[in-house]
Amino acid sequence: MEDLVKFVQDEFVTKKEFPEFSAGDTITVYYEIKEGNKTRTQFFRGVVIQRRGSGSTETFTIRKMSGTIGVERIFPVNLPALQKIEVNKRGKVRRARIFYFRGLTGKKARIKEKRN
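My aim in this report is to walk through the structure given alongside it, one point at a time. (Residues numbered from 1 in each chain as written. Predicted model: local features only at pLDDT ≥ 70, side-chain atom pairs only at ≥ 80, totals over all residues. Heavy atoms only, no water.)

Quick look at the overall build of the protein
Part 1 of the reasoning: Along its length, the protein carries one helix and five strands.
Part 2 of the reasoning: For the protein, the C-alpha atoms occupy an extent of roughly 45 × 40 × 25 Å along the three principal directions.
Part 3 of the reasoning: When each of the 116 residues of the protein is scored for burial, the buried share is 26%.
Part 4 of the reasoning: By sequence separation, contacts in the protein at least 24 residues apart represent 51% of the contacts at least 6 residues apart.
Part 5 of the reasoning: Carbon together with sulfur atoms contributes 50% to the accessible area of the protein, which is approximately 8,700 Å² in total.
Part 6 of the reasoning: Counting 26 positive and 13 negative side-chain charges, the protein places the averaged centre of each group 13 Å from the other. (Helix = DSSP H or I, 4+ residues; strand = E, 2+ residues; numbered from the N terminus. Buried < 20%, exposed > 50% of the residue type's maximum accessible area, 1.4 Å probe, protein only. Contact = heavy atoms within 4.5 Å. Areas by Shrake-Rupley, 256 points an atom, 1.4 Å probe, with all protein chains shown as cover. Lys, Arg positive; Asp, Glu negative; His and termini not counted. Charge placed at Lys NZ, Arg CZ, Asp CG, Glu CD.)

Right, dumping it as structure tokens:
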């Protein structure tokens with residue numbers, strides 16, 4: 001049964017090509033918003049907290065600070081409204097899910113940049 005589901009996903013679900021990114025990276029996600037009969041592009045820039053799932057159910061969570069309030073947003077990778085993803089900074093973290101990042105404030109909330 002799993003083979004059949006995987007086959008259908010591979011054949012019929014259109015996949016967009018996005019750059020590789022993981023937890024700790026700072027990315028900008030551009031996505032379409034429909035307001036009435038108009039559409040506009042909006043972006044969301046923040047730190048990737050986690051990637052979870054696989055195939056068509058894969059999602060990633062981004063966290064940004066809006067003033068003093070932390071805002072998190074979950075994006076499905078196969079969302080049709082996603083236009084593009086830009087990787088601004090590669091972060092050096094040791095975990096795949098950095099939920100501890102929610103409790104950090106000030107200079108502690110900085111993530112070191114990965115050197116090439």
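Description of the packing of aromatic side chains
Part 1 of the reasoning: Evaluated as defined, the whole model comprises five aromatic pairs.
Part 2 of the reasoning: With 6.1 Å between their ring centres and 65° between their planes, Phe 44 and Phe 75 make a pair best called edge-to-face. On the criterion of sequence distance, the pair formed by Phe 44 in strand E2 (residues 38-52) and Phe 75 in strand E4 (residues 69-76) is long-range, its members being 31 residues apart. Phe 75 shares its class with Phe 44; the two are buried.
Part 3 of the reasoning: Taking the centre distance of 5.6 Å and the plane angle of 25° together, the rings of Phe 60 and Phe 75 count as stacked. With Phe 60 in strand E3 (residues 59-66) and Phe 75 in strand E4, this residue pair connects regions lying 15 residues apart in the sequence.
Part 4 of the reasoning: Phe 60 sits in the buried class, given a relative accessible area of 1%.
Part 5 of the reasoning: Since its relative accessible area comes to 0%, Phe 75 is described here as buried.
Part 6 of the reasoning: Through successive ring pairs, a cluster of aromatic residues spans Phe 21, Tyr 31, Phe 44, Phe 60 and Phe 75.
Part 7 of the reasoning: Positioned over the ring face of Phe 21 is Arg 51, at 4.3 Å from the centre of the ring.
Part 8 of the reasoning: Sitting over the ring of Tyr 30, Lys 84 keeps its end group 4.9 Å from the ring centre. (Phe/Tyr/Trp six-rings, centres within 6.5 Å; stacked < 30°, edge-to-face > 60°. Lys NZ or Arg CZ within 6 Å of the ring centre and 35° of its normal.)

Looking at the environment of Ala 81
Part 1 of the reasoning: Along the polypeptide, Ala 81 turns up in the loop between E4 and strand E5 (82-89).
Part 2 of the reasoning: Residue Ala 81 is classed as partly exposed on the basis of its relative accessible area, which comes to 23%.
Part 3 of the reasoning: Here the alpha-carbon distance between Ala 81 and Thr 41, two residues 40 residues apart in the chain, equals 9.2 Å.

None of this, on its own, says anything about what the molecule does.
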